[in-house]
Amino acid sequence: MKNVEYLIIGAGMAGITLKKFMASENVVLVDAAPFQYKIGESIIPEHYHNLVIRNLVPKIRELPSYSPKWGTTFVKQDVVVSFPLPDFLSALAMHVERAELERLMVDEWGIPISQETVKEIDFATKVVVTDKGSYKVEKQIIDCSGPAMVVGTLLGEVATIMPAFSTWAYFDVVERHDERFHQAIRDDGKKYYRFNVPEGELLAGEETDGWKPSRTTTLTEISQGLWTWQIPLFDATRLSFGVVSRHAPVSQEQLLELAEKTHGPQYVLRPRAFDGSSPYNRLHVRNMFARRAKVASTKDYILIADSFAFADPIYSVGTGLAVNKAIQVAKILNEGGWSEQVSEAYNTQYEALIVAALDGFNFWYTGDVLHNSAAAAHVQKAFLKGDAFTAGMSEQYCQSVVSSFGDKDSRMHERWQDLHTWERKK
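Quick caveat, the model's predicted, so the values are computed rather than measured.

**Observations concerning the environment of Asp 122**
Then, number 1: Tracing the backbone shows Asp 122 in strand β10 (residues 118-122).
Then, number 2: The exposure class of Asp 122 is partly exposed, given its relative accessible area of 37%.
Then, number 3: Once the C-alpha coordinates of Asp 122 and Leu 154 are considered, the two residues, 32 residues apart in sequence, prove to be 9.6 Å apart.
Then, number 4: Within the structure, Asp 122 has its side chain in polar contact with the backbone nitrogen of Ala 124 (distance 3.0 Å).

Here you go:
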């Protein structure tokens, strides 16, 4: 049995970042299958909030799967709305394959990964058993396993948040014609709006500044509770096309039919063979994926990002949340260590994030974001840029979350302030 201070489960975005930022040298990072395929190819600017991560951007742009991301386009039956990123953030938004991105981070930072599968955990003694041995953890077990939710699953404490089903596949982009997107809006008689970032409101009018919908994440409402995503990869030569339903599983036939009939007019697509030769040549299905663990942490374990809760695959906040929460946790462990008080504050913070996330998803699924300036501003601030998920990286947002708790619980306010003291010292 090996003795370690910390054991990190999962070498995805959160696990790699956490290992990089932790001061202790007695930390082991385990993963059953490093660099395996993961969905989550749309990367938000707040992913690169920290300079250490932002310094990787030049090399990320050289990755084969890299494609610049201009923002997000919402499409409804009678209206289209574009949400551009501000100029100072657009250089840090991109679509990129997760496996490529994670491998680059590991190579650049020299992060060691032990390829092991966690089999069981004795939470009373903090002994973690893998297929290759066992670890006695002195301090915290940190779960960065994403949707696998290793700790929550072993505890039997994973619950469904809401019914949600997704199916997706990849298509080759044979041609791109951005002008056809705008022509289709006119031909269909749809209203068109652009979110004005400086003014924080929706403005009606045609595009005149070179907006390229083939470079955006496109979210299209098919019917109530049924949406599609379109994410261009490999310099917009390959398209991730997915269907999300709040009603029932989505079949291969339904996916292919929706892709043929509802893909953006800016693309000419060609289906890829489902021969299993690569992740891009097979159908992907994830049903009842909106789940959460009972709590985000105790004094003995910490769950980061999707290992605690995952509600929806559409908004591009997953990697931003994973990276910034990992940095936050690393700083807390480095500077003062984990405790019951810190754990309580962390849990309170995460519960507030879940509420904010579900509010945003409701905006999206009901279509309010396409008609209501307040809803649009909420999505632009809290989701498209990722500010709501930086969890302490912005003092302004920290204060807004504290305000949302109200002044009735001063102890909650104090716990939040204590948790983010290190942020205000920078």
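Now that the structure has been shown, the text picks up again.
**Things to note about the packing of aromatic side chains**
Aromatic rings considered in pairs are described by the distance between their centres and by the relative angle of their planes.
Then, number 1: Applying the stated criterion to the full structure yields ten aromatic pairs.
Then, number 2: Measuring from ring centre to ring centre gives 5.9 Å for Phe 123 and Tyr 301, while their planes differ by 65°; the resulting arrangement is edge-to-face. In this pair, Phe 123 sits in the loop between β10 and β11 (127-130) while Tyr 301 sits in strand β24 (residues 301-303), placing the two residues 178 residues apart along the sequence.
Then, number 3: Taking 5.3 Å as the distance between ring centres and 85° as the angle between the ring planes, the aromatic pair formed by Tyr 346 and Tyr 350 counts as edge-to-face. Of this pair, Tyr 346 and Tyr 350 both sit in helix α10 (residues 340-366), four residues apart, which is roughly one turn of that helix.
Then, number 4: Residue Tyr 346 is classed as buried on the basis of its relative accessible area, which comes to 0%.
Then, number 5: Note on Tyr 350: relative accessible area 3%, which makes it buried.
Then, number 6: An aromatic cluster of at least three residues, connected via ring pairs, comprises Tyr 37, Tyr 170, Phe 234 and Tyr 280.
Then, number 7: When the ring centre of Phe 234 is taken as origin, the NZ or CZ atom of Arg 238, which lies over that ring, is 4.2 Å away.
Then, number 8: Sitting above the plane of the Tyr 350 ring, Lys 325 keeps its charged end 4.2 Å from the centroid.

**Comments concerning the pairing of β10**
Then, number 1: Two strands pair when backbone bridges link them, and β10 and β11 are joined in this way by four bridges, in the antiparallel orientation. If you follow Val 118 over to β11, its bridge partner there is Thr 130.
Then, number 2: Hairpin remark: β10 followed by β11, antiparallel, with four residues in the connecting loop; positive phi at Lys 126, about 55°.

**Digging into the nonpolar core**
Then, number 1: The biggest cluster of nonpolar side chains holds 70 residues, and the ones touching the most others in it are Leu 7, Ile 9, Leu 18, Met 22, Ile 60, Ile 142 and Ile 304.
Then, number 2: The greatest single-element share of this core, amounting to nine residues, is contributed by helix α9 (residues 318-335).
Then, number 3: Sequence-distant contacts of Ile 60, that is, excluding residues within four places in its chain, are made with Tyr 48, Tyr 66, Met 94, Val 96, Leu 101 and Leu 104.
Then, number 4: If you look at the next biggest cluster of nonpolar residues, it comprises 23 residues, including Phe 74, Leu 219, Leu 233 and Val 244.

**Re the pattern of salt bridges**
Then, number 1: Taken as a whole and assessed by the stated rule, the structure comprises twelve salt bridges.
Then, number 2: Put simply, Lys 261 and Glu 257 hold a salt bridge, and the shortest N to O gap is 2.9 Å. Taken together, the residues span about one helical turn, with Lys 261 and Glu 257 both in helix α8 (residues 252-262) at a distance of four residues.
Then, number 3: Taking the shortest distance from any N to any O, the salt bridge between Glu 351 and Arg 292 comes out at 2.6 Å. Pair noted here: Glu 351 is in helix α10 and Arg 292 is in strand β23 (residues 291-292), with a separation of 59 residues, a long-range link.

**Describing the confidence of the model for the chain**
Then, number 1: For the chain, mean pLDDT is 83; residues scoring 70 or higher make up 78% of the total.
Then, number 2: In the model, residues 383-426 has pLDDT below 50 throughout and makes 93 contacts with residues more than four positions away in sequence or in other chains.

**What about the packing of helix α1 (residues 13-21) against helix α5 (residues 98-109)?**
Then, number 1: At a minimum axis separation of 10 Å, α1 and α5 run at an interaxial angle of 15°. In terms of orientation, α1 and α5 fall into the roughly parallel class. The crossing of α1 and α5 is left-handed. When α1 is examined against α5, the residues Met 13, Ile 16, Thr 17 and Lys 20 are found in contact with a partner set consisting of Arg 98, Leu 101, Glu 102, Met 105, Val 106 and Trp 109.
Then, number 2: For the contact of α1 with α5, a count of residues per class yields six nonpolar, one polar and three charged.

Rules of the game
Residues numbered from 1 in each chain as written. Predicted model: local features only at pLDDT ≥ 70, side-chain atom pairs only at ≥ 80, totals over all residues. Heavy atoms only, no water. Helix = DSSP H or I, 4+ residues; strand = E, 2+ residues; numbered from the N terminus. Buried < 20%, exposed > 50% of the residue type's maximum accessible area, 1.4 Å probe, protein only. Polar contact = N/O pair within 3.5 Å; in protein donor to acceptor, adjacent residues only side chain to side chain. Phe/Tyr/Trp six-rings, centres within 6.5 Å; stacked < 30°, edge-to-face > 60°. Lys NZ or Arg CZ within 6 Å of the ring centre and 35° of its normal. Pairing = 2+ DSSP bridges. Core = buried A, V, L, I, M, F, W, Y, C linked by side-chain atoms within 4.5 Å. Contact = heavy atoms within 4.5 Å. Salt bridge = Lys/Arg side-chain N within 4 Å of Asp/Glu carboxyl O. pLDDT = per-residue confidence, 0-100. Axes fitted to C-alpha atoms, helices over the stretch in contact; angles between N-to-C directions. Parallel < 35°, antiparallel > 145°, perpendicular 65-115°, else oblique. Left-handed = near helix turned anticlockwise from the far one by under 90°. Nonpolar A, V, L, I, M, F, W, Y, C, P; charged D, E, K, R; others polar.

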